Amino acid sequence: ERAVRAGLPVLPTYGMTEAASQLATLPVGEAGTARRRVRPLPAVELRVVDGGVPLPPGQAGEIQVRGPMVSRRYVGEAPRPADAWFPTGDLGVLGTDGYLEVVGRADGTIITGGENVAPAEVEAALAAHPLVRAAAVVGVPDPEWGEVVAAVVETTAVVSAEELAAFARRQLAGYKIPRRWALVDRLPAAVLGKPARGKLRALAEADGLEWEVIDG
């Protein structure tokens, strides 16, 4: 956002080492729009699946890719067929216009009451609040729901969990709204400044956080 305000072209990119780095990017002609979605590059085939079954546009699932840029194998493994789909381990949504929005990692998915919740989607919604500096979302074990969505939030000023929950309800489906809230002075950060969800999950399971419960 700072670069856009300064008149510098910004092209968000999605990629991975196994695919020679880059798979999708914002087209040059759209630089400066601050769009979060990206478009697959030429020769990149990309789909979103659930259990290997392709999903229709608008539904979140695991991103799979194939093309000549995708590595054929890891060291010590047999080569994959050239036409095999490569599972990225990332979650995304494909639009009807062919654009991709990456919403998180598949291995971090919270399953609550049989519904899948991508932590990154909830974190992005909370981060849009003007008093939120950073947010991390984790799954907390629950005897009824299996897991419940829990948010650990770092704010710039005093704000209540009720206010944050109300703000989230305007953007997210009901099952994605955090039921447990912890407001902290500082979030532990992992590499590249991303939320250290592993540390927070361990704290939560060890009762190292004071939760405020908001149901419904």
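The structure we're discussing is the one just above.
If you're wondering where the values come from, they're calculated on a predicted model, not measured in any experiment.

Some remarks on the overall build of the protein
1) Next: Of regular secondary structure, the protein possesses 4 helices and 14 strands.
2) Next: Computed over the C-alpha atoms, the radius of gyration of the protein is 19 Å, within 12% of the 17 Å expected from 2.2 N^0.38 for a compact globule of 216 residues.
3) Next: Across the 216 residues that make up the protein, the buried fraction comes to 36%.
4) Next: A fraction of 53% describes how many contacts in the protein between residues 6 or more apart in sequence connect residues 24 or more apart.
5) Next: A total accessible area of about 12000 Å² is found for the protein, and carbon and sulfur atoms account for 53% of it.
6) Next: The positive charge centre, built from 23 side chains, and the negative charge centre, built from 27, are 7 Å apart in the protein.

Examining the packing of aromatic side chains
1) Next: Overall, the coordinates contain 0 aromatic pairs when judged by the stated rule.
2) Next: R80 extends its terminal NZ or CZ atom over the ring of Y74, reaching a point 5.8 Å from the ring centre.
3) Next: Lying over the aromatic face of W145, R179 brings its terminal NZ or CZ to 4.8 Å of the ring centre.

With respect to empty space enclosed by the protein
1) Next: Per the counting criterion, the structure on display carries 1 cavity of 30 Å³ or more.
2) Next: Approximately 80 Å³ is the volume attributed to the largest cavity.
3) Next: Forming the walls of the largest cavity are V65, R66, G67, V70, S71, R72, R80, P81, A82, A84 and F86.

Thoughts on the sheet that holds strand β6 (residues 60–66)
1) Next: If you trace the 5 strands from one edge of the open sheet to the other, you get β5-β4-β6-β7-β8, paired in antiparallel fashion. Each of the sheet's edge strands pairs with one partner strand only, and the pair in question is β5 (53–54) and β8 (100–105).
2) Next: Taken together, the 5 bridges between strand β4 (residues 45–50) and β6 define a ladder with antiparallel strand orientation. Paired with V49 across the bridge in β6 is E62.

Re helix α2 (residues 119–127)
1) Next: Restricting attention to buried positions, one finds in α2 the residues P119, V122, E123, A125 and L126. Seen from one end, α2 has its buried residues packed into an arc of 160 degrees, which puts them on one side.

Quick look at the pattern of salt bridges
1) Next: Overall, the coordinates contain 6 salt bridges when judged by the stated rule.
2) Next: When the shortest N-O distance is used, the salt bridge between R37 and D97 registers 2.8 Å. Residue R37 is located in the loop between β2 (24–25) and β3 (39–40), and its partner D97 is located in the loop between β7 (86–94) and β8; the two are separated by 60 residues in the primary sequence.
3) Next: Under the relative-accessibility criterion, D97 is labelled partly exposed at 33%.
4) Next: One salt bridge connects E154 with R133, and the closest N-O pair in it is separated by 3.1 Å. Separated by 21 residues along the polypeptide, E154 in strand β12 (residues 146–155) and R133 in strand β11 (residues 132–142) bring together distant segments of the chain.
5) Next: The class for R133 is partly exposed, based on a relative accessible area of 45%.
6) Next: Through salt bridges that share partners, R133, E154 and R186 make up one connected network.

Rules of the game
Residues numbered from 1 in each chain as written. Predicted model: local features only at pLDDT ≥ 70, side-chain atom pairs only at ≥ 80, totals over all residues. Heavy atoms only, no water. Helix = DSSP H or I, 4+ residues; strand = E, 2+ residues; numbered from the N terminus. Rg over C-alpha atoms; globule rule 2.2 N^0.38 Å. Buried < 20%, exposed > 50% of the residue type's maximum accessible area, 1.4 Å probe, protein only. Contact = heavy atoms within 4.5 Å. Areas by Shrake-Rupley, 256 points an atom, 1.4 Å probe, with all protein chains shown as cover. Lys, Arg positive; Asp, Glu negative; His and termini not counted. Charge placed at Lys NZ, Arg CZ, Asp CG, Glu CD. Phe/Tyr/Trp six-rings, centres within 6.5 Å; stacked < 30°, edge-to-face > 60°. Lys NZ or Arg CZ within 6 Å of the ring centre and 35° of its normal. 1 Å grid on protein atoms, 1.4 Å probe; cavity = no way out; pocket = protein on both sides within 12 Å on 5 of 7 lines; lining within 4 Å. Points joined across faces, edges and corners; volume = space filled by probe spheres on them. Pairing = 2+ DSSP bridges. Arc of directions from axis to C-beta. Salt bridge = Lys/Arg side-chain N within 4 Å of Asp/Glu carboxyl O.

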